[in-house]
Amino acid sequence: GFAGEPLKIALAFHNQGDLMKSVKAHMEISVTYYTGVVSSDPFKIEDFSLYVEPYQSSIKIFDIPPQEYMSHLGPNSSLEISVIGQADNEEVSEVKSVSLKLPPLNVTLSGQPQVNSDMFVIVSFTNTLNFPLTGAKLAMEGAGLLETQVYNYRTIPPMGKISRKVGFRPQKPGLRTLLLVLDCENLPDVTTMLEVKMMP
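Residues numbered from 1 in each chain as written. Predicted model: local features only at pLDDT ≥ 70, side-chain atom pairs only at ≥ 80, totals over all residues. Heavy atoms only, no water.

By the naming in an unreviewed UniProt entry, the protein chain goes by Transglutaminase C-terminal domain-containing protein and is assigned to Ilyodon furcidens.

Next comes the structure, spelled out in structure tokens:
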């Protein structure tokens, strides 16, 4: 799924026996960082009970709005949903991971990749999320290419697009890295890196 969309979580409990079961369930949702570490502090905890008829399934659905999880995300993070259900003396558990993608930063370079030649970097970004991004700043930098530039956009509305063309003159030959970061208050950083080989 894409970050910023409401999450729909459907939990199904199956009763394989011939007696009705009363299930007590516990659900936790935590953020998993790109390092694979799961946050020890779940941002959502739900305890609920349900009855499951013999040989039937009972489904519980949770809708989680983006406001509830977006502020907990880091770059490339995913959510881990863990559920434990207990009925009489039986216990079942299930863990599921959902990865979330951020809208991309599109970057193109034009001009001659040569020291002291005119080059241009064109950056565009479309907010494909259904809420405005606030405190938006676009930063770009590259040692030997261009000094750090920061552009403030304040708010990017849903489906709003920003685009920026910046000219620069490479100062040093060799392999250079251009780093572009879109930093917003309510979204993890969206980052793109470009490696460019500059001719002397």
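Participant: Is there a simple way to think about the sheet that holds strand β3 (residues 44–52) in this case?
Facilitator: The strands making up a sheet associate through hydrogen bonds between their backbones, and the pairing can be parallel or antiparallel. The sheet built from four strands is open, its strands ordered β3-β2-β5-β6 with antiparallel pairing. Each having just a single partner strand, β3 and β6 (90–99) make up the two edges of the open sheet. Geometrically, the sheet is characterised by an average inter-axis angle of 20° between neighbouring strands, direction not taken into account. By the bridge criterion, nine bridges tie strand β2 (residues 21–32) to strand β5 (residues 78–87) in an arrangement that is antiparallel. Bridging across to β5, isoleucine 29 finds its partner in isoleucine 81. (Pairing = 2+ DSSP bridges. Helix = DSSP H or I, 4+ residues; strand = E, 2+ residues; numbered from the N terminus. Axes fitted to C-alpha atoms, helices over the stretch in contact; angles between N-to-C directions.)

Participant: Whenever I open this one, the environment of aspartate 88 confuses me. Can you help?
Facilitator: With respect to the helices, strands and loops of the structure, aspartate 88 is situated in the loop between β5 and β6. The exposed category is assigned to aspartate 88, whose relative accessible area is 68%. Between the C-alpha atom of aspartate 88 and that of valine 98, which follows or precedes it by 10 residues, the distance is 30 Å. (Buried < 20%, exposed > 50% of the residue type's maximum accessible area, 1.4 Å probe, protein only.)

Participant: Any chance you could explain unusual backbone geometry here in plain terms?
Facilitator: What is expected of a backbone is that most residues other than glycine have negative phi and most peptide bonds are trans. At tyrosine 55, a residue that is not glycine, the phi angle is positive and equals roughly 55°. For tyrosine 55, the position within the fold is in the loop between β3 and β4 (57–64). Among the residues examined, tyrosine 55 registers a relative accessible area of 56% and is labelled exposed. With phi around 65°, asparagine 116 is a residue other than glycine that occupies positive phi space. By secondary structure assignment, the location of asparagine 116 is in the loop between β7 (105–111) and β8 (119–126).

Participant: Any chance you could explain the packing of aromatic side chains here in plain terms?
Facilitator: The relative placement of two aromatic rings is captured by the distance of their centres and the angle of their planes. For the structure on display, the rule yields two aromatic pairs. Ring geometry for phenylalanine 13 against phenylalanine 48: centres 6.3 Å apart, planes inclined by 70°, an arrangement best described as edge-to-face. Placement of the pair is phenylalanine 13 in strand β1 (residues 7–14) and phenylalanine 48 in strand β3, with a sequence separation of 35 residues. Under the relative-accessibility criterion, phenylalanine 13 is labelled buried at 9%. The structure contains a cluster of three or more aromatic residues connected by ring pairs, namely Phe13, Phe48 and Phe62. Geometry around phenylalanine 120 places lysine 165 over its ring, the cationic atom sitting 4.7 Å from the centre. (Phe/Tyr/Trp six-rings, centres within 6.5 Å; stacked < 30°, edge-to-face > 60°. Lys NZ or Arg CZ within 6 Å of the ring centre and 35° of its normal.)

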